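Geometric and topological summary
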Protein chains: 2
Amino acid sequence: MSEEPYKSSAKSVTARALAVLAAFDVENPLLTLSQLARRAGLPVATVYRLAGELEDGRFLDRDSAGRYGLGVRLWEMGLLTPVHGRLRETAMPFLLNLQYECRETVQLAVCDGTNAIYVEKLTSEVSVPIQSRIGARIPLHATGVGKALLAFSPEAFTDAILAMPFTQYTPETITDRRTMSRQLAQIRQRGYAQSHQEYQLGSTSIAAPVLVDGTVQAAIGIVSYTLRTDLTRYAPALLRAADGLARRLETAAGTAYPSISDRISGSDVHGGDPMPPQAS
Amino acid sequence: MSEEPYKSSAKSVTARALAVLAAFDVENPLLTLSQLARRAGLPVATVYRLAGELEDGRFLDRDSAGRYGLGVRLWEMGLLTPVHGRLRETAMPFLLNLQYECRETVQLAVCDGTNAIYVEKLTSEVSVPIQSRIGARIPLHATGVGKALLAFSPEAFTDAILAMPFTQYTPETITDRRTMSRQLAQIRQRGYAQSHQEYQLGSTSIAAPVLVDGTVQAAIGIVSYTLRTDLTRYAPALLRAADGLARRLETAAGTAYPSISDRISGSDVHGGDPMPPQAS
DNA sequence: ACCCATCTTTTCACTGAGCGAAAAGAATTT
DNA sequence: AAATTCTTTTCGCTCAGTGAAAAGATGGGT
């Protein structure tokens, strides 16, 4: 059918191999050889060979029908990544506790490039519609966790973000940088951020930064439906969780991991980044 | 012709690139270029180039010190993997609920090759020592989830596993295949498996299979310290969770993912990863 | 049953992409 | 300042990787 993503002008062998892996996304977790080839923008024979090798290393797995899917190995490696291996792992107990206390959706996010990424999201209700997947990139200016991250980022970074245009997601989205600037100051003062239907109509959130040695490493947030409860009553619990995590991370800092965002360069606001830019 | 001992230059470019990624593990999540080269068994210059490309695609990230670590991209891809994207995602609410009910450690595992893999593990207590990481490979014969998976696997598979020698982890580990065979029958009858200090002294577990259309897709388990409580009292809740998940998976089967284990071929008993059975 | 379309797998001769020794450049340590 | 260990760049040779094409599967429509 209509399959035609972006064309990866893969030139090196490695780039080609990576392009094959990059051909998968949320909507297409399983692909046949030819689909794969098409999406990767490479000749079938080439993909056949590459995919074969990737499969050997379990970077790709095939189902009974012969379709390809990203392999277990990839998943296992994801677990070794700083975001998971250090952050999520240590954060989990705190998140669970928090979720236990307030029984609302609890989330953990970090900053990467000019976006925030959901690292974890706990929703107990069996029936809630998938709001934002784990791994999803969300704007820094329109969500609780986003603003919490932004407010406590180094000034240079905050300024850089403020200098960019703010996409408007709902009528409530803050698009004026002066307003935003004022809000950030308020957030810094209060210690936590709030967001009311600024990203998605009908949902409110409250979020606090995880400050490790003075720098924001992540943000913890609680999300709920606008009318349900006043989330501010969870502020103490939220701050306790965030601080608890922060102290934990400080302790285990010996095994320091790289901080994800250092470069504003990489991914652009929102959406999927196929492959970051590259000079020659 | 005599060849140089361990000079494995019979590798394809792709294999080399993958070797670079594979150089990381739990103990070494961060490596300098030279360490990386050494661990991958490749010349520095080569790794330099490959790592450069991998970094461009964010398959590798570097920290401020220039050390390499597995990149965010890898993590994001792991999320698209069947184990996570389909299983973990749908299972999470059930696991959370279960954990909420019993306040014990709850885990989700699948079968891969001749091992089980922990896909998720929920521990609320902030201070528990790391027992088994998510992603860890554990034996099928010595744990609750393992036995639950084994008991409900196709006969051919069970037989194949029973034909292999059982590593003894504790004095309680079942090593005799007749005993095991009998237990498996019992498990099938009762609907859930139990394990008492068979893998790790001091901990008991109870586990139930997640049967989707008659085949085991996963197992949910509850683990606790031996003396704390009688876990069987959680059996109803456990079975409810397992069945609930199973039904959920059946519903969403439209977007069928490949079942992970099909081949016993792949990883050998206990896989290549060094795995401390008893944390020291 | 047939044909036609689309899929996967294998082959093979050509060639430029990737290799890695080596040297230059940084950054530490002695 | 010399020694050591790390990172980055260069460059000519060669063989690994390429992709068109053909052969082999598979499937589904009539």
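Reference entry: report on the structure contained in this document. Keep in mind that this is a model prediction, so the values were computed, not measured. (Residues numbered from 1 in each chain as written. Chains lettered and ligands numbered in written order. Predicted model: local features only at pLDDT ≥ 70, side-chain atom pairs only at ≥ 80, totals over all residues. Heavy atoms only, no water.)

1. Focus: the relation of the copies chain A and chain B
Applied cut-off: Residues reaching a pLDDT of at least 70 in both copies supply the C-alpha atoms on which the copies are superposed by least squares. Any two residues whose heavy atoms approach within 4.5 Å at even a single point are treated as in contact.
With an axial shift of 0.0 Å and an RMSD of 0.1 Å, the rotation relating chain A to chain B amounts to 180 degrees. Those values place the two copies in the arrangement expected of a two-fold rotation axis. No C-alpha of chain A approaches the rotation axis more nearly than that of Gly78 of chain A, which lies at 2.7 Å. Here 93% of the contact residues of chain A are again contact residues in chain B; the copies associate through an equivalent surface.

2. Description of the packing of aromatic side chains
Spelled out, the test is: The aromatic pairing rule takes the rings of Phe, Tyr and Trp, using the six-membered ring of Trp, and pairs them if the centres are within 6.5 Å, calling planes under 30 degrees apart stacked, those over 60 edge-to-face and the rest tilted. The way it works is that DSSP assigns letters per residue, a run of H or I at least four long becomes a helix, a run of E at least two long becomes a strand, and they are numbered from the N terminus. A simple rule labels every residue: compare its accessible area, found with a 1.4 Å probe on the protein chains alone, to the largest value its type can have, and call it buried under 20%, exposed over 50%, or partly exposed in between.
For the structure on display, the rule yields three aromatic pairs over all chains. Centre to centre, the rings of Tyr100 of chain A and Tyr100 of chain B are 5.0 Å apart; their planes meet at 55 degrees, and the pair counts as tilted. Residue Tyr100 of chain A is found in helix H5 (residues 82-102), and its partner Tyr100 of chain B is found in helix H5 (residues 82-102); the two belong to separate chains. Look at Tyr100 of chain A and you get partly exposed, because its relative accessible area is 31%. When the ring of Tyr169 of chain A is compared with that of Tyr199 of chain A, the centres are 4.8 Å apart and the planes differ by 75 degrees; the resulting orientation is edge-to-face. Separated by 30 residues along the polypeptide, Tyr169 of chain A in the loop between helix H7 (155-162) and helix H8 (177-190) and Tyr199 of chain A in the loop between strand E7 (193-196) and strand E8 (203-212) bring together distant segments of the chain.

3. A look at the protein's contact with DNA strand D
We count it as follows: Neighbouring residues are identified by heavy atoms, a residue being near a molecule or strand if any of them is within 4 Å of it. Polar contacts, as counted here, are pairs of nitrogen or oxygen atoms within 3.5 Å of one another; within protein the pair requires one atom able to donate a hydrogen and one able to accept it, and residues that are adjacent in sequence qualify only if both atoms are side-chain atoms. Residue classes follow a fixed rule: Ala, Val, Leu, Ile, Met, Phe, Trp, Tyr, Cys and Pro count as nonpolar, while Asp, Glu, Lys and Arg count as charged, and any other residue, Gly among them, counts as polar.
The full set close to DNA strand D counts 15 residues, and Thr46 and Arg49 of chain A together with Val13, Ser34 and Tyr48 of chain B are the nearest of them. In the interface set of DNA strand D, defined as its atoms within 4 Å of the protein, sugar plus phosphate atoms amount to 81%. One of the side-chain N or O atoms of Arg16 of chain A is found 3.3 Å from a phosphate oxygen in DNA strand D. In this structure, Tyr48 of chain B approaches DNA strand D through a side-chain N or O atom, which is 2.7 Å from a phosphate oxygen. Elements with a minimum of two residues in the surface near DNA strand D: helix H1 (13-22) and helix H3 (44-56) of chain A together with helix H2 (33-40) and helix H3 (44-56) of chain B. Considered class by class, the residues forming the surface near DNA strand D number seven nonpolar, four polar and four charged.

4. What to know about the interface of chain A and chain B
For clarity, the cut-off: Once two parts are joined, some of their accessible surface, as seen by a 1.4 Å probe, is lost; buried area is that loss totalled over both. Put simply, a salt bridge is a Lys or Arg side-chain nitrogen that is within 4 Å of an Asp or Glu carboxyl oxygen.
Chain A puts 75 residues into the contact, and the matching count from chain B is 72 residues. Considering only the side of chain A, the residues that lose the most area to chain B are Trp75, Leu80 and Val126 of chain A, jointly responsible for 12% of the buried surface there. The interface formed by chain A and chain B contains six salt bridges. At the boundary of chain A with chain B, the tally comes to 12 residue pairs in polar contact (both at pLDDT 80 or more). Of all the elements in the fold, those that place two or more residues in the side of chain A that touches chain B are H1, H3, strand E2 (60-62), helix H4 (72-80), H5 and strand E5 (115-122) of chain A. In terms of residues, the side of chain A that touches chain B owes the most to one element, H5 of chain A, which gives 12 residues.

5. Regarding the sheet that holds strand E3 (residues 68-70) of chain A
Residues and elements named next belong to chain A. What counts, and what does not: We treat two strands as partners when DSSP finds at least two bridges between them.
What the three strands build is an open sheet, ordered E1-E3-E2; its pairing is antiparallel. Taken across any chain shown, the strands that pair with only one partner, and hence form the sheet edges, are strand E1 (30-31) and E2. The sheet contact formed by E2 and E3 spans three bridges and is antiparallel. Residue pairing for E3: Asp61 is matched across the bridge by Gly69.

6. Structural notes on the protein's contact with DNA strand C
Near DNA strand C, the surroundings consist of 15 residues, among which Val13, Ser34 and Tyr48 of chain A together with Thr46 and Arg49 of chain B are the closest. The share of sugar and phosphate among atoms of DNA strand C within 4 Å of the protein is 81%. Thr46 of chain B places a side-chain nitrogen or oxygen 2.6 Å from a phosphate oxygen of DNA strand C. Listed by contribution, the elements that provide at least two residues to the surface near DNA strand C are helix H2 (33-40) and H3 of chain A together with helix H1 (13-22) and H3 of chain B. Among the residues making up the surface near DNA strand C, the classes are represented as seven nonpolar, four polar and four charged.

7. Things to note about the nonpolar core
What counts is decided by this rule: What is meant by a nonpolar core is a set of buried Ala, Val, Leu, Ile, Met, Phe, Trp, Tyr and Cys residues, joined one to another through side-chain atoms within 4.5 Å.
Residues Ile220 of chain A together with Ile220 of chain B are the most contacted members of the largest nonpolar core, which totals 74 residues. In this structure, Leu36 and Leu60 of chain A together with Phe59 and Tyr68 of chain B belong to the second largest nonpolar core, which totals 44 residues.

8. Examining the sheet that holds strand E9 (residues 215-225) of chain B
Residue and element names in this part refer to chain B. Our working definition: Axes, fitted as lines to C-alpha atoms, cover a helix only where it is in contact. Angles between the N-to-C directions of the axes lie from 0 to 180 degrees.
Here six strands make up an open sheet; going across it, the order is E6-E5-E4-E9-E8-E7 and the pairing antiparallel. Each end of this open sheet is capped by a strand with a single partner; those strands are strand E6 (137-139) and strand E7 (193-196). Neighbouring strand axes in the sheet, compared pairwise and without regard to direction, differ in orientation by 35 degrees on average. Inspection of the sheet shows strand E8 (residues 203-212) paired to E9 by 10 bridges, in the antiparallel sense. By the bridge assignment for E9, Ser203 is matched with Tyr225.

9. Topic: the packing of H1 of chain B against H3 of chain B
All names here are of chain B. Here is the rule: Note on terminology: angles under 35 degrees are roughly parallel, angles over 145 are roughly antiparallel, angles of 65 to 115 are roughly perpendicular, and the others are oblique.
Across the interface, H1 lies against H3 with an axial gap of 10 Å and an inter-helix angle of 80 degrees. Between H1 and H3, the angle falls in the class roughly perpendicular. Residues Arg16, Ala17, Val20 and Leu21 of H1 touch H3, and the partners they reach there are Thr46, Val47, Leu50 and Leu54. Counted by class, the contact of H1 with H3 contains six nonpolar, one polar and one charged residues.

10. Some words on the pairing of strand E4 (residues 105-112) of chain B
Residue and element names in this part refer to chain B. With eight of eight residues buried, E4 is to be regarded as a mostly interior element. The pairing of E4 with E9 spans five bridges and is antiparallel. When the bridges of E9 are listed, Val106 appears paired with Ile222. Bridge analysis of E4 against strand E5 (residues 115-122) gives seven bridges, and the strand direction is antiparallel. Across the sheet, residue Val110 finds its bridge partner in E5, namely Ile117.

Read these as layout, nothing more, since geometry by itself doesn't imply function.
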